[in-house]
Amino acid sequence: MLDDIDRRILRHLQADPSLSTSELAERCRITSGVCWRRIEKMEASGIIQGQEAVIDWAALGYAVEVSLRVTLDKTQARAFDEFTAQARKVPEVIEIQTFLGRVDVRLSVIARDMSHYQQIYRDRILTLPHIADIEALMHIARVKRDEALPV
Amino acid sequence: MIELDDIDRKLLQALAQDATQSAGALGRRFGLSQPASWRRIKRLQDSGAIKGRRLRLNAEALGFGVTVFLGVKLARKGQVSLEDFERAVSAIPEVQTVEHVLGLYDYRLRVVARDLADFERVLRRRIMTLPGAGDVEANVLLSEERLPGPIGVSSAPGPETPDGGSSAQR
């Protein structure tokens, strides 16, 4: 299990994943050797899965982001599988989440502008199989987005 | 707005999967010299196309078994300050993301908890007591996948060509 040092490392690394091992060790007040071994161990046990670059879609010209909350026709046994398989093929869909609750599936859709969004919505989204209902939430701003775990 | 060519797209996609790859290794993969690869990556960073790195952790292995998305509607009656709400909700450690949205709800929160009992504690003690919090809808996350997005397919037709100025941003 994790101890205090592991948690300290994860906290600092979540805040700034680009830190070098020696910078990280200094912030955690441990030696580089200890720090390196701890990270190795957490990587080997699958706790640390890797690092990913975060893409800013707005900087790439995708100014619009919409959350589509989809309710599926559950009388169709394969509704979930068929819907997500088709949704995966839409390039502007950047996230697919499935839920237990009032909403079945949520899609994150990005578009260059509202007319581009409308085109995607009509041609690629409404044509997805087994949709019973769709609600749209339009993103205005991200207030917090670090996705850090409170370790 | 930054224009990307096919190699930029490949680099961006590779880095979105694993940001720790060196410029040299990526260059070898896509047929670039180390300096050329480095310059392209630097341009992606400087232009803001890459806005940072995220550490990918196994939430379950760390004891966070439940992720819940909350739609929160602000109570309209009193004059609720958005800033007060945003500051208070962002300060809750279990709240991972806060998005201001337009539609059925005002805010969309991603909340992690150890289990459903722990989630209920966070919901009752921290979320419901926020200044201005009104209706709340909870959906428990079952599965999640992130897709490469429109850079993933270099052969993508149509929308890939920028349409002369209608998409204003940066």
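Source: prediction; values computed, not measured.

Conventions adopted
- Residues numbered from 1 in each chain as written.
- Chains lettered and ligands numbered in written order.
- Predicted model: local features only at pLDDT ≥ 70, side-chain atom pairs only at ≥ 80, totals over all residues.
- Helix = DSSP H or I, 4+ residues; strand = E, 2+ residues; numbered from the N terminus.
- Buried ≥ 20, exposed ≤ 12 C-beta atoms within 10 Å, placed from the backbone.
- Contact = placed C-beta atoms within 7 Å.
- Domains from an automatic or database assignment.
- Nonpolar A, V, L, I, M, F, W, Y, C, P; charged D, E, K, R; others polar.
- Pairing = 2+ DSSP bridges.
- Axes fitted to C-alpha atoms, helices over the stretch in contact; angles between N-to-C directions.

1. A word on the overall build of chain B
Then, in step 1: When helices and strands are counted, chain B shows 5 helices and 5 strands.
Then, in step 2: Starting at the N terminus, the α and β elements of chain B follow one another as α-α-α-β-β-α-β-β-α-β.
Then, in step 3: Looking at chain B as a whole, 31% of its 170 residues are labelled buried.
Then, in step 4: Restricting to contacts in chain B with at least 6 residues of sequence separation, those with at least 24 account for 63%.

2. Focus: the domain arrangement of chain B
Then, in step 1: Parsing chain B into structural domains produces domain 1 (6-54) and domain 2 (66-140).
Then, in step 2: Taking only C-alpha atoms, the centre of domain 1 of chain B and the centre of domain 2 of chain B are 36 Å apart.

3. Observations concerning the interface of chain A and chain B
Then, in step 1: Listed as interface residues are 57 residues of chain A and, on the opposing side, 65 residues of chain B.
Then, in step 2: It is strand β5 (residues 131-144) of chain A that provides the largest number of residues to the side of chain A that touches chain B, a total of 10 residues.
Then, in step 3: Here the residues of the side of chain A that touches chain B are counted per class, giving 31 nonpolar, 13 polar and 13 charged.

4. Re the domain arrangement of chain A
A common way to state how big an interface is: give the accessible area lost once the parts meet.
Then, in step 1: Examined at the domain level, chain A breaks down into domain 1 (4-44) and domain 2 (64-138).
Then, in step 2: One C-alpha centre belongs to domain 1 of chain A, the other to domain 2 of chain A; they are set 39 Å apart.

5. As for the sheet that holds strand β4 (residues 107-113) of chain B
Then, in step 1: Read around the barrel, 8 strands follow the order β2(A)-β4(A)-β3(A)-β5(B)-β2(B)-β4(B)-β3(B)-β5(A) and close on themselves; strand pairing throughout is antiparallel. In this sheet, adjacent strand axes meet at a mean angle of 35 degrees when their direction is disregarded.
Then, in step 2: Bridging between strand β2 (residues 64-72) of chain A and β5 of chain A involves 7 bridges; their strand directions are antiparallel. If you follow Leu 68 of chain A over to β5 of chain A, its bridge partner there is Ala 136 of chain A.

6. Regarding the environment of Leu 72 of chain A
Residue and element names in this part refer to chain A.
Then, in step 1: Inspection of the secondary structure puts Leu 72 in strand β2.
Then, in step 2: Overall, Leu 72 belongs to the buried group, with 21 C-beta atoms counted inside 10 Å.
Then, in step 3: Here the alpha-carbon distance between Leu 72 and Arg 145, two residues 73 residues apart in the chain, equals 28 Å.
Then, in step 4: If sequence neighbours within four positions are ignored, Leu 72 has contacts with Ala 79, Phe 80, Phe 83, Asp 104, Val 105, His 130, Ile 131 and Ala 132.

7. Description of the pairing of strand β2 (residues 66-74) of chain B
All names here are of chain B.
Then, in step 1: Taken together, the 7 bridges between β2 and β4 define a ladder with antiparallel strand orientation. Residue Thr 67 lies in a different strand from β4, and its bridge partner there is Val 112.
Then, in step 2: Bridge count between β2 and strand β5 (residues 133-146): 6 bridges; the pairing is antiparallel. Opposite Val 72, over in β5, you have Val 136 as the bridge partner.

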